Amino acid sequence: MKSQNKYRKFQLQQQNIEALEKENTRFKRVYSEYENMSDELWNLENSNDTPIPDDFINAMMVQTSYLEEEIEDWLIQFNQNKNEIKS
């Protein structure tokens, strides 16, 4: 059994992500890039094929974490705006 992709940390917020993707093309591009990079990183770490240099994997991890931070900021702002509208 394969382990779950630990880089997919936004699965519980899919509704908010889908709403943001509909209203913001930049968010959609960033989230798409995050999905691609996190999938590739997970595949590289769980592959038994050719060894990948640690520096390369570390660089991908750094880039993925930057994208995560940007996505988190958007989700926080989205949730704040949603709560303000409810009030």
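Residues numbered from 1 in each chain as written. Predicted model: local features only at pLDDT ≥ 70, side-chain atom pairs only at ≥ 80, totals over all residues. Heavy atoms only, no water.

This paragraph deals with the overall build of the protein chain. Scanning the protein chain from N- to C-terminus turns up three helices and zero strands. Of the regular secondary structure in the protein chain, the N- to C-terminal order runs α-α-α. The buried share of the protein chain, taken over its 87 residues, is 28%. A fraction of 74% describes how many contacts in the protein chain between residues 6 or more apart in sequence connect residues 24 or more apart. Accessible surface, the protein chain as shown: approximately 6,500 Å² in total, 47% of it carbon and sulfur. (Helix = DSSP H or I, 4+ residues; strand = E, 2+ residues; numbered from the N terminus. Buried < 20%, exposed > 50% of the residue type's maximum accessible area, 1.4 Å probe, protein only. Contact = heavy atoms within 4.5 Å. Areas by Shrake-Rupley, 256 points an atom, 1.4 Å probe, with all protein chains shown as cover.)

In terms of nonpolar packing, the biggest core is built from 17 residues, with F10, F27, Y31 and I71 touching the most fellow members. Among the secondary structure elements, those contributing two or more residues to this core are α1 (14-23), α2 (25-45) and α3 (54-86). Residues within four places of F10 in sequence aside, it is in contact with I17, Y31, Y34, E68, I71, E72 and L75. (Core = buried A, V, L, I, M, F, W, Y, C linked by side-chain atoms within 4.5 Å.)

This brings us to the packing of α1 against α2. Helix-helix packing is described using two parameters, namely the angle between the two axes and the distance between the axes. Axis separation between α1 and α2 bottoms out at 5 Å; the angle between their running directions is 130°. The angle between α1 and α2 falls in the class oblique. Between α1 and α2 lies a crossing of left-handed hand. Of the residues in α2, those in contact with Q14, I17, L20, E21 and E23 of α1 are T25, F27, K28 and Y31. Partitioning the contact of α1 with α2 into residue classes produces four nonpolar, two polar and three charged. (Axes fitted to C-alpha atoms, helices over the stretch in contact; angles between N-to-C directions. Parallel < 35°, antiparallel > 145°, perpendicular 65-115°, else oblique. Left-handed = near helix turned anticlockwise from the far one by under 90°. Nonpolar A, V, L, I, M, F, W, Y, C, P; charged D, E, K, R; others polar.)

This part takes up the confidence of the model for the protein chain. Overall, the predicted model of the protein chain reaches an average pLDDT of 86, with 89% of residues at or above 70. Looking at the elements of the protein chain, mean pLDDT is at its lowest for α3, recorded as 91, and at its highest for α1, recorded as 93. (pLDDT = per-residue confidence, 0-100.)

This next bit is on α1. Taken residue by residue, α1 has N16, I17 and L20 as its buried positions. For α1, the angular spread of buried residues about the axis comes to 100°, placing them on one side. Turned more than 90 degrees away from the buried face of α1, the exposed residues are Q15 and K22. (Arc of directions from axis to C-beta.)

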